[in-house]
Amino acid sequence: MGAVRDPEATRARIFGAALAEFARHGIAGARIDRIADRAKANKQLIYAYFGNKAELFTRVLEKSMLDLAVAVPVTPDDIEGWTDRVIDYHAAHPEVLRLLFWEGLEYGADTELPDENGRHEHYRQKIDALRDGQERGVITDAIPARDLLFLLIGLANWAAVVPQMRRIVVGTEDTDRDRLRASVREAARRLVAR
């Protein structure tokens, strides 16, 4: 009796292998052969399920961003807690920032992303949450909500994006990491303070 095929399990294996491959090598450096080997799947299945390499990258990043949005929604009533949750999420899922970094290198500032409309919607919801906090008087309205979101994301993520700089400037001890986290929380609190 032959093995039973499970297309969803195969898609999941391909997706997981693609996530690891793109996080490590970016779009240009990723290889469908390596993804197929790691997923124990036929290369043709990858193309059938996900299209070309760029489309697969887009799907992987899109799902990663959705998972992040669901796991760590913007909470203007608790910016310090949100900052902690963002830091913790990216410590547990470093591939998300790597994917975003690779995307920035590959597409640059002026090239439209394949899923740009969906990404606008993703960020619009976060901007709306901050704007709601501004309208309720919970956080400052001195900085436009979209700029505030950009600044808060950068503040929470910069140490994970440039770990070598964090190591050199901040230090490597647990107390250094804890001090930096407290400093990021305080900076975020001050940034949104009324």
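Let me sum up the structure you'll find in this document. (Residues numbered from 1 in each chain as written. Predicted model: local features only at pLDDT ≥ 70, side-chain atom pairs only at ≥ 80, totals over all residues. Heavy atoms only, no water.)

1. Observations concerning unusual backbone geometry
Thinking step 1. The backbone of Lys40 shows a phi angle near 55°, a positive value even though the residue is not glycine.
Thinking step 2. By secondary structure assignment, the location of Lys40 is in the loop between α2 (32-39) and α3 (43-50). (Helix = DSSP H or I, 4+ residues; strand = E, 2+ residues; numbered from the N terminus.)

2. What to know about the packing of aromatic side chains
Here the distance between the centres and the angle between the planes together describe a pair of aromatic rings.
Thinking step 1. Under the definition given, this model contains two aromatic pairs.
Thinking step 2. Measuring from centroid to centroid gives 5.2 Å for Phe22 and Phe57, while their planes differ by 85°, and the two rings are edge-to-face. One end of the pair, Phe22, is in helix α1 (residues 7-29); the other, Phe57, is in helix α4 (residues 53-71), and 35 residues separate them in sequence. Residue Phe22 shares its accessibility class with Phe57, and that shared class is buried.
Thinking step 3. Relative to Phe50, the ring of Tyr49 lies with its centre 6.4 Å away and its plane at 90°, an arrangement referred to as edge-to-face. An identical accessibility class is assigned to Tyr49 and Phe50; each is buried.
Thinking step 4. Sitting over the ring of Tyr49, Arg11 keeps its end group 4.0 Å from the ring centre. (Phe/Tyr/Trp six-rings, centres within 6.5 Å; stacked < 30°, edge-to-face > 60°. Buried < 20%, exposed > 50% of the residue type's maximum accessible area, 1.4 Å probe, protein only. Lys NZ or Arg CZ within 6 Å of the ring centre and 35° of its normal.)

3. Section: a nonpolar patch on the surface
Thinking step 1. Taken together, the side chains of Phe101, Leu105, Trp158, Val161, Met165, Ile168 and Val169 present a nonpolar region at the surface, about 750 Å² in accessible area.
Thinking step 2. Among the secondary structure elements, those contributing two or more residues to the nonpolar patch are α6 (94-107), α8 (145-161) and α9 (163-169).
Thinking step 3. Considering each element in turn, the nonpolar patch owes the most residues, three residues, to α9.
Thinking step 4. Among the structural elements, Trp158 can be located in helix α8. (Patch = residues over 30% accessible without salt bridge, like charges linked within 9 Å, V, L, I, M, F, W, Y side chains within 5 Å. Areas by Shrake-Rupley, 256 points an atom, 1.4 Å probe, with all protein chains shown as cover. Salt bridge = Lys/Arg side-chain N within 4 Å of Asp/Glu carboxyl O.)

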